[in-house]
Amino acid sequence: MSWIEVRLREAGPGRTRFELEHVAHVDDQRWAEYGPGAVGIGWDLALVGLASHFAADGTGVDPAAAAEWMASPEGLRFVTESSRSWTEASIEAGTPAEEAQAAGERVTAFYTGAPTP
C-alpha cells in the first residue's frame, strides 16, 4: 500500500507547478534489491507520458507507440539516465555507493530487459 499526493500550484501567468509526493513502505529486502529507482523510474516514465499527452493533438498516447518508444535507443537512454539519477540520489541519502550502484544496475536491467547483473 502506498499514498500519493499531487499538488498543483500557480507558478506565474499560464504556468502551473506540479508536485507529486509518493509514500510507500517497502520491505528491506526489496529496497536493497532495487533501491528507489524501482518506483522512481516508473514515475519518471509516467510523467513523460503525461507530457506527451498534453503535447499531442488531444487524442492521447497510443500504448503501442509508447511501448515502441520504450524499446528505442531514446527510451533506453531515458531509463538508463533516470536510473543513474536515482542511484546518485540514493548515495546522497546515505546508501553505501556499492550497494546503491548494484541496485541501480538491477533496476536498469529490469526496465530495459537487459540481463540481470
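Residues numbered from 1 in each chain as written. Predicted model: local features only at pLDDT ≥ 70, side-chain atom pairs only at ≥ 80, totals over all residues. Heavy atoms only, no water.

**Quick look at the overall build of the protein chain**
So, step 1. In terms of regular secondary structure, the protein chain is built from 5 helices and 2 strands.
So, step 2. Taken from the N to the C terminus, the helices and strands of the protein chain come in the order β-β-α-α-α-α-α.
So, step 3. Over its C-alpha atoms, taken along the principal directions, the protein chain stretches across nearly 45 × 30 × 25 Å.
So, step 4. Within the span of the protein chain, comprising 117 residues, buried residues form 18% of the whole.
So, step 5. Counting only contacts in the protein chain whose residues sit at least 6 apart along the sequence, the fraction spanning at least 24 positions is 44%. (Helix = DSSP H or I, 4+ residues; strand = E, 2+ residues; numbered from the N terminus. Buried < 20%, exposed > 50% of the residue type's maximum accessible area, 1.4 Å probe, protein only. Contact = heavy atoms within 4.5 Å.)

**Details of the packing of aromatic side chains**
So, step 1. Taken as a whole and assessed by the stated rule, the structure comprises 3 aromatic pairs.
So, step 2. Arranged with centres 5.8 Å apart and planes meeting at 55°, the rings of tryptophan 69 and phenylalanine 78 form a pair that is tilted.
So, step 3. Site record: aromatic cluster; members linked through ring pairs are Tyr34, Phe110 and Tyr111. (Phe/Tyr/Trp six-rings, centres within 6.5 Å; stacked < 30°, edge-to-face > 60°.)

**Side note on the packing of helix 3 (residues 63-71) against helix 4 (residues 73-92)**
So, step 1. Contact pair helix 3 / helix 4: the axes reach a minimum separation of 4 Å and the direction vectors enclose 70°. Judged on the interaxial angle alone, helix 4 and helix 3 are roughly perpendicular. The segment helix 3 lies against helix 4, with Trp69, Met70 and Ala71 engaging Pro73, Glu74, Gly75, Leu76, Phe78 and Val79.
So, step 2. Of the residues belonging to the contact of helix 3 with helix 4, the class tally is 7 nonpolar, 1 polar and 1 charged. (Axes fitted to C-alpha atoms, helices over the stretch in contact; angles between N-to-C directions. Parallel < 35°, antiparallel > 145°, perpendicular 65-115°, else oblique. Nonpolar A, V, L, I, M, F, W, Y, C, P; charged D, E, K, R; others polar.)

**Regarding the nonpolar core**
So, step 1. In this structure, Tyr34, Ile41, Leu45, Val79 and Val107 together form the largest nonpolar core, which totals 5 residues.
So, step 2. With residues near it in sequence (within four places) discarded, valine 107 still touches Tyr34, Gly37, Ala38, Ile41 and Ser83. (Core = buried A, V, L, I, M, F, W, Y, C linked by side-chain atoms within 4.5 Å.)

**Observations regarding helix 5 (residues 97-112)**
So, step 1. For helix 5, which comprises 16 residues, the first-to-last C-alpha distance of 22 Å matches the rise-based estimate of 22 Å (1.5 Å per residue) to within 8%.
So, step 2. The secondary structure elements touched by the buried residues of helix 5 are helix 1 (28-34), helix 2 (37-55) and helix 4. (Expected span 1.5 Å × (residues − 1).)

**Section: a nonpolar patch on the surface**
So, step 1. A cluster of nonpolar side chains, namely Ile4, Val6, Leu8, Phe18, Leu47, Leu50 and Phe54, defines an oily patch on the protein surface of about 660 Å² accessible area.
So, step 2. Those elements that provide at least two residues to the nonpolar patch are strand 1 (2-10) and helix 2.
So, step 3. With respect to the helices, strands and loops of the structure, leucine 50 is situated in helix 2. (Patch = residues over 30% accessible without salt bridge, like charges linked within 9 Å, V, L, I, M, F, W, Y side chains within 5 Å. Areas by Shrake-Rupley, 256 points an atom, 1.4 Å probe, with all protein chains shown as cover. Salt bridge = Lys/Arg side-chain N within 4 Å of Asp/Glu carboxyl O.)

**Side note on the packing of helix 2 against helix 4**
So, step 1. Running from N to C, helix 2 and helix 4 point in directions that differ by 135°, and their axes come no closer than 9 Å. By the criterion of interaxial angle, the relationship of helix 2 to helix 4 is oblique. The element helix 2 and its partner helix 4 pack so that their crossing is right-handed. The segment helix 2 lies against helix 4, with Gly37, Gly40, Ile41, Asp44, Leu45 and Val48 engaging Phe78, Val79, Ser82, Ser83 and Trp86.
So, step 2. Across the contact of helix 2 with helix 4, the residue classes tally to 6 nonpolar, 4 polar and 1 charged. (Left-handed = near helix turned anticlockwise from the far one by under 90°.)

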